[in-house]
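Okay, here's what each chain looks like letter by letter:
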Amino acid sequence: MTVVASRFERRHRDLYETEKWATEALIRRFPVHGLTVWEPAAGNHMIADVLREAGATVRTSDIAVYDRQHDAIYDFLVDRPHSEPLVQAIITNPPYGKGNRDAVIFARNALERCDGLVALLLTAKFDFGKTRRFLFADNDRFWAKIALVDRIQWFPGDTSGTEDHAWYIWGPKGARYTKTMFWEGKK
Ligand SMILES: C[S@@+](CC[C@H](N)C(=O)[O-])C[C@H]1O[C@@H](n2cnc3c(N)ncnc32)[C@H](O)[C@@H]1O
């Protein structure tokens, strides 16, 4: 039996749902057609659905179930089950946690678990700070940052705007990348 998360759990688990345009901004620069993608913090599949519409095959997992069923229930911060999907990309908006600590672990684990493309939606200054150099300046796979010039509305009716966000993209293992900056927004 699947237990669906309560409203309290939704807040507790950092369920912020990504507006469609933000994922469309990513795939304008990094098309996903024909790729098998893992969305490991899938929430209500806001990102997964856009990837599918763009021609990707998407496997979903999450630590909790809200309104949509996932392929697996999986704590991405700790587990590494044998049923881990074989994929060419990991794409998600992960939980950030206090001081972005969960987001750092998510990024590290995603790079360990996927030799292909990794794209994470994070706060706009996530790449600042000496302790994250291993993900960016000192990381051969770090490829691109897409600054979102529009703000994501996380909840219907919320007009106050929140923080600025960006996509951070790491390329497949084995190649070296010229680190590149893009700017994208709503069309
Ligand atoms: C910011 S929401 C994003 C949801 C979805 N990716 C989207 O963009 O609409 C973060 C998601 O991470 C999930 N989550 C929180 N902790 C997790 C963990 N340790 N492992 C896997 N998923 C987790 C939450 O349940 C929630 O669905």
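All values derive from a computational prediction rather than experimental measurement. (Residues numbered from 1 in each chain as written. Predicted model: local features only at pLDDT ≥ 70, side-chain atom pairs only at ≥ 80, totals over all residues. Heavy atoms only, no water.)

(A) Seen up close, the pairing of strand β2 (residues 57–62). Summarising the sheet, strand β1 (residues 36–39) and β2 pair through 4 bridges and their orientation is parallel. Bridge pairing in β2 links Val37 to Val58. As defined by bridge partners, β2 adjoins strand β3 (residues 72–73) across 2 bridges and the pair is classed as parallel. The residue of β3 that forms the bridge with Asp62 is Ile73. (Pairing = 2+ DSSP bridges. Helix = DSSP H or I, 4+ residues; strand = E, 2+ residues; numbered from the N terminus.)

(B) Structural view of the site of the ligand. In the vicinity of the ligand there are 25 residues, among which Thr18, Ala41, Asp62, Tyr66 and Asp75 approach most closely. Here Ile63 contributes a backbone N or O atom positioned 3.4 Å from a nitrogen atom of the ligand. One of the backbone N or O atoms of Phe76 is found 3.0 Å from a nitrogen atom in the ligand. Taken by itself the ligand offers 600 Å² of open surface, and the protein chains cover 97% of this. Here the residues of the shell around the ligand are counted per class, giving 15 nonpolar, 4 polar and 6 charged. (Near = heavy atom within 4 Å. Polar contact = N/O pair within 3.5 Å; in protein donor to acceptor, adjacent residues only side chain to side chain. Areas by Shrake-Rupley, 256 points an atom, 1.4 Å probe, with all protein chains shown as cover. Nonpolar A, V, L, I, M, F, W, Y, C, P; charged D, E, K, R; others polar.)

(C) Looking closely at the packing of helix α2 (residues 20–29) against helix α3 (residues 46–53). Relative to each other, α2 and α3 sit at 45°, their axes nearing to 9 Å. It follows from the interaxial angle that α2 and α3 lie oblique. Judged by the sense of rotation from one axis to the other, the crossing of α2 with α3 is right-handed. Here Lys20, Thr23, Glu24 and Ile27 of α2 lie close against α3, whose contacting residues are Ile47, Val50, Leu51 and Glu53. (Axes fitted to C-alpha atoms, helices over the stretch in contact; angles between N-to-C directions. Parallel < 35°, antiparallel > 145°, perpendicular 65-115°, else oblique. Left-handed = near helix turned anticlockwise from the far one by under 90°. Contact = heavy atoms within 4.5 Å.)

(D) Broad picture of the environment of Leu121. Here Leu121 shows up in strand β5 (residues 117–123). Looking at Leu121, the relative accessible area reads 0%, which means it is buried. Between the C-alpha atom of Leu121 and that of Ala41, which follows or precedes it by 80 residues, the distance is 11 Å. Setting aside anything within four residues of it in sequence, one finds Leu121 in contact with Thr18, Thr92, Asn93, Pro94, Tyr96, Leu148, Ile152, Trp154, His165, Ala166 and Trp167. (Buried < 20%, exposed > 50% of the residue type's maximum accessible area, 1.4 Å probe, protein only.)

(E) Expanded view of the nonpolar core. Counting 27 residues, the largest nonpolar core has Leu26, Leu51, Ile91, Leu148, Trp167 and Ile169 as its most contacted members. Within the residue set of this core, elements represented by two or more residues are α2, α3, β4 (89–92), β5, β6 (142–148) and β7 (165–170). Counting residues per element, this core draws most heavily on α2, at 5 residues. Grouped together as the second largest cluster of nonpolar side chains are 24 residues, Tyr74, Ala110, Phe126 and Trp170 included. (Core = buried A, V, L, I, M, F, W, Y, C linked by side-chain atoms within 4.5 Å.)

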